[in-house]
Amino acid sequence: MGAVLGLCSAAQLACCCGSTACSLCCSACPSCRNSTSSRIMYALMLLLGTITACVMLAPGLQDALRKVPFCSNSTNNYLPTSVSINCDQAVGYLAVYRICFILTCFFVLMALMMIGVKSSRDPRSGIQNGFWGLKYLVVIGGIIGAFFIPEGSFGDTWMYFGMIGGFLFIVIQLILIVDFAHSWAESWVGNYEETESKGWYFALLAITFLNYALTITGVVLLFVFFTKSDGCDLNKFFISINLILSVVISVVSILPAVQEKLPRSGLLQSSVVSLYVTYLTWSAVSNSPESSCNPGLLGIVGAGTPKKDNEMTFDGEGIVGLVVWMCCVLYSSLRSASQSSKITMSEKMLVKDNGAGRDDGDGGEKGEKKVWDNEEETVAYSWSFFHIMFALATLYVMMTLTNWYKPNSSLSKANSASMWIKVISSWLCMILYGWSLIAPIALPDREFN
């Protein structure tokens, strides 16, 4: 379904329609809601920006630019210095910073413009749901202009924005993953209760067992490769405390009091959260500044080579982080908020089914639209919060692609600030999930189902 909707989004961009993009000309696309279609288009913009940033980190790109005549450091430069360009600024970590700076500014501007929008009848809805060609041109033009920003203190200053924004997006990512865990478990438990099919029952057991098996395997590997008998005490503490917390939330999820309030809560959700926390723990210890306690992914498999100073690398932990990030972005773009959402903030990020439907009528013009407006009465999600979330997602991508390093810094040591950010985020994940379990007990007067 996501691939089909992605094709519709690409067709929207080609059509460059007005406020309700792809409403008439994209006849080959499946029918979809305007709220979903717009979110996919913004996700596509973010993904394309991420791909462009990844290209800037290509190992041979900097050497290739040395052959371009208009580069000031080119071996074939025959142009005057006044018209030459320093192509070193067009690649590397600083280039990633410039690209993400423009994307972040775009989403922040959109968030400010959409403050207070209550329905698609607001004149600003045309800006939110249309003019895709113009939006993409503005972003492309902004990225080109960003490379003319003087280096100065731009990189160091923007790095602090990136660290704060990246941490905040990790919190949002945790909320989406906890929401996903609850929705997944409730869907499968509901199917089992309705059909009484043993297939759903065994699927629940199999996935739960697999998640816990991967979690235990991950913890064992962390102890083996990221700790030593006579050192690495901080890594031992992080791994041990997160293992203990995983056991605690698993026990809490099956307590009789919790089961009474949340009968569909169980070990499947806990296993998903435990597995994600294990990944965060690996991500944290992979940023340990103690090289003896941080072999890296290539070092674990025995294929590692010493990293040279100022060598730009993108390790396995960063790749996994991007995959998780991409899944969360697509999940927030395609997922509809269910009535059983346990965390209030997730309702602002996910589309609500407000009951608005297509007016197919007698096959009139409105009934023929491929993308139809389901927000005439009220918006299906907070438009401003959505753009803020994407701005933070851009900053998270920026820090992930640059390994949370300072631009143009010596890369021989990892970043301890990144380590603590990811450890704290793993603890927040446990707190969020634990609160989603005990909230119905602690606040009996509130409705959580």
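What counts as what
Numbering of residues begins from 1 in every chain and follows the order in which that chain's sequence is written. Whole-chain, interface and lining totals are the exception, using all residues; otherwise, since this is a predicted model, local features are given only for residues with pLDDT of at least 70 and side-chain atom pairs are given and counted only at 80 or more. Values reported for side chains reflect all heavy atoms of the structure, with hydrogen atoms and water molecules removed beforehand. Only DSSP runs of H or I reaching four residues or more are called helices, and only runs of E reaching two or more are called strands; each is numbered from the N terminus. Any two residues whose heavy atoms approach within 4.5 Å at even a single point are treated as in contact. The accessible surface values rely on the Shrake-Rupley method and a 1.4 Å probe; as for residues, cover is taken only from the protein chains in view. We call Phe, Tyr and Trp rings a pair once their centres come within 6.5 Å, taking the six-membered ring for Trp, and we label the pair stacked below 30 degrees between planes, edge-to-face above 60, and tilted otherwise. The rule is simple: take the accessible area with a 1.4 Å probe, protein chains only, and divide by the maximum for that residue type; under 20% is buried, over 50% is exposed, in between is partly exposed. Axis lines are fitted through C-alpha atoms, for helices just across the contact stretch, and the angle between N-to-C directions can take any value from 0 to 180 degrees. Note on terminology: angles under 35 degrees are roughly parallel, angles over 145 are roughly antiparallel, angles of 65 to 115 are roughly perpendicular, and the others are oblique. The pocket and cavity definitions rest on a 1 Å grid over protein atoms only: a 1.4 Å probe that fits but cannot leave marks a cavity, an open set with protein on both sides within 12 Å along at least five of seven lines marks a pocket, and residues lining either have an atom within 4 Å of a point. Grid points are joined across faces, edges and corners, and a volume is the space filled by probe spheres set on the points. One fewer than the residue count of a helix, multiplied by 1.5 Å, yields its expected span. Nonpolar core, defined: a set of buried Ala, Val, Leu, Ile, Met, Phe, Trp, Tyr and Cys residues in which side-chain atoms within 4.5 Å join the residues together. In this classification, the charged set is Asp, Glu, Lys and Arg, the nonpolar set is Ala, Val, Leu, Ile, Met, Phe, Trp, Tyr, Cys and Pro, and all remaining amino acids, among them Gly, are polar. Under the rule applied, a polar contact is a pair of N or O atoms within 3.5 Å (in protein, one hydrogen donor and one hydrogen acceptor; residues adjacent in sequence only if both atoms are side-chain atoms). Every patch collects residues that have over 30% relative accessible area and no salt bridge, joining them within 9 Å if they carry like charges and within 5 Å if they are nonpolar side chains (Val, Leu, Ile, Met, Phe, Trp, Tyr). The salt bridge criterion pairs a side-chain nitrogen of Lys or Arg with a carboxyl oxygen of Asp or Glu, the two atoms within 4 Å. A residue's pLDDT is simply how confident the predictor is in it, with values from 0 to 100. Two cysteine sulfur atoms make up a disulfide if the distance between them is within 2.5 Å. The arc in question is the one spanned by the directions pointing from the helix axis to the C-beta atoms.

**Section: the overall build of the protein**
And step 1. When helices and strands are tallied, the protein shows 16 helices and four strands.
And step 2. Contacts in the protein between residues far apart in sequence, at least 24 positions, make up 78% of those at least 6 positions apart.
And step 3. On the protein, roughly 21100 Å² of surface is accessible, and the fraction owed to carbon and sulfur atoms is 66%.

**Digging into the packing of aromatic side chains**
The geometry of an aromatic ring pair is captured by two quantities: the separation of the ring centres and the angle between the planes.
And step 1. Under the definition given, this model contains 16 aromatic pairs.
And step 2. Here the aromatic rings of tyrosine 42 and phenylalanine 107 are separated by 6.5 Å at their centres, their planes lie at 65°, and the arrangement is edge-to-face. On the criterion of sequence distance, the pair formed by tyrosine 42 in helix α2 (residues 34-55) and phenylalanine 107 in helix α4 (residues 93-113) is long-range, its members being 65 residues apart.
And step 3. Considering the side-chain rings of phenylalanine 237 and phenylalanine 238, the 5.9 Å spacing of their centres and the 55° angle between planes classify their relative orientation as tilted.
And step 4. Using a relative accessible area of 1% as the deciding quantity, one classes phenylalanine 238 as buried.
And step 5. Through successive ring pairs, a cluster of aromatic residues spans Tyr42, Phe106, Phe107, Trp132, Phe386 and Phe390.

**Concerning the environment of threonine 52**
And step 1. With respect to the helices and strands, threonine 52 occurs in helix α2.
And step 2. Separated by 48 residues in the primary sequence, threonine 52 and cysteine 100 place their C-alpha atoms 9.9 Å from one another.

**Details of the packing of helix α9 (residues 233-253) against helix α11 (residues 267-285)**
And step 1. At a minimum axis distance of 9 Å, the contact between α9 and α11 shows a crossing angle of 170°. By the angle between their axes, α9 is roughly antiparallel relative to α11. Along the contact surface, α9 presents Asn235, Phe238, Ile239, Asn242, Ser246, Ile249, Ser250 and Ser253, while α11 presents Leu267, Ser270, Val273, Ser274, Val277, Thr281 and Val285.

**Quick notes on unusual backbone geometry**
Most of the time, phi is negative for any residue but glycine, and the peptide bond is trans.
And step 1. With a phi angle near 55°, phenylalanine 131 is a residue other than glycine that sits in the positive phi range.
And step 2. Here phenylalanine 131 shows up in the loop between α5 (125-129) and α6 (132-146).
And step 3. Take phenylalanine 131: its relative accessible area is 44%, and that puts it in the partly exposed class.

**Considering the layout of surface pockets**
And step 1. Its volume calculated, the second largest pocket comes out at about 420 Å³.
And step 2. Put simply, the parts of the chain that give the lining of the second largest pocket at least two residues each are α7 (154-195), α8 (198-226), α11 and α13 (316-334).
And step 3. Counting residues per element, the lining of the second largest pocket draws most heavily on α13, which supplies six residues.

**Description of α4**
Because each turn of an α-helix spans 3.6 residues, side chains separated by three or four positions end up pointing in the same direction.
And step 1. When the terminal C-alpha atoms of α4 are compared, their 30 Å separation across 21 residues agrees well with the 30 Å that a helix rising 1.5 Å per residue should span.
And step 2. In terms of residue burial, α4 counts as a mostly covered element, since 15 of its 21 residues are buried.

**Quick notes on the nonpolar core**
And step 1. By size, the foremost hydrophobic cluster in this structure holds 84 residues, and its most contacted members are Trp325 and Phe390.
And step 2. In terms of residues, this core owes the most to one element, helix α15 (residues 383-401), which gives 13 residues.
And step 3. Sequence-distant contacts of tryptophan 325, defined by excluding residues within four places in its chain, comprise Leu46, Leu47, Thr50, Phe169, Gln173, Ala393, Tyr396 and Val397.
And step 4. One finds Ala185, Trp188, Leu204 and Leu268 within the second-largest nonpolar core, a separate group that totals five residues.

**Description of the packing of α4 against α15**
And step 1. Here α4 crosses α15 at 175°, and the two axes come no closer than 8 Å. With respect to each other, α4 and α15 are oriented roughly antiparallel. Contacts between α4 and α15 pair Tyr93, Val96, Tyr97, Cys100, Leu103, Thr104, Phe107, Val108, Met110 and Ala111 from the former with Ser384, His387, Ile388, Phe390, Ala391, Thr394, Leu395, Met398, Met399 and Leu401 from the latter.
And step 2. Considered class by class, the residues forming the contact of α4 with α15 number 16 nonpolar, four polar and no charged.

**Side note on the side chain of serine 246**
And step 1. If you trace the backbone, serine 246 turns up in helix α9.
And step 2. Given the relative accessible area of 7%, serine 246 is considered buried.
And step 3. A distance of 2.9 Å separates the side chain of serine 246 from the backbone oxygen of asparagine 242, its partner in a polar contact.
And step 4. Residues contacting serine 246, with those up to four places away along its chain left out, are Ser274 and Met430.

**Let's talk about a nonpolar patch on the surface**
And step 1. On the surface, Phe223, Leu243, Val247, Val251 and Leu255 cluster together to form a nonpolar patch covering roughly 380 Å² of accessible area.
And step 2. For the nonpolar patch, the element with the most residues is α9, which contributes three residues.

**Notes on the confidence of the model for the protein**
And step 1. Averaged over every residue, the pLDDT of the protein is 74; residues scoring 70 or more account for 67%.
And step 2. For the protein, helix α1 (residues 2-15) is the element with the lowest average pLDDT, namely 44, and α9 is the one with the highest, namely 92.
And step 3. Ignoring residues within four places in sequence, the model shows residues 9-28, a span with pLDDT below 50, making 46 contacts including any to other chains.
And step 4. With pLDDT under 50 throughout, residues 409-413 is counted as low confidence; its partners more than four residues away or in other chains account for eleven contacts.

**Let's talk about the side chain of serine 271**
And step 1. The topology assignment puts serine 271 in helix α11.
And step 2. For serine 271, a relative accessible area of 0% gives the class buried.
And step 3. Apart from residues lying up to four places away in sequence, serine 271 is in contact with Thr208, Asn211, Tyr212 and Thr215.

**Details of the state of the cysteines**
And step 1. Using the criterion set out here, one finds zero disulfides in the structure.
And step 2. Here cysteine 54 is not cross-linked by a disulfide; its sulfur's nearest cysteine counterpart is in cysteine 100, at 9.2 Å.
And step 3. Judged by its relative accessible area of 32%, cysteine 54 falls in the partly exposed class.

**Considering α9**
And step 1. The terminal C-alpha atoms of α9, which comprises 21 residues, lie 30 Å apart, in line with the 30 Å expected from a rise of 1.5 Å per residue.
And step 2. Asn235, Phe238, Ile239, Asn242, Ser246, Ile249, Ser250, Val252 and Ser253 are the residues of α9 that are buried. Here the buried residues of α9 occupy an arc of 160° about the axis, which is enough to place them on one side.

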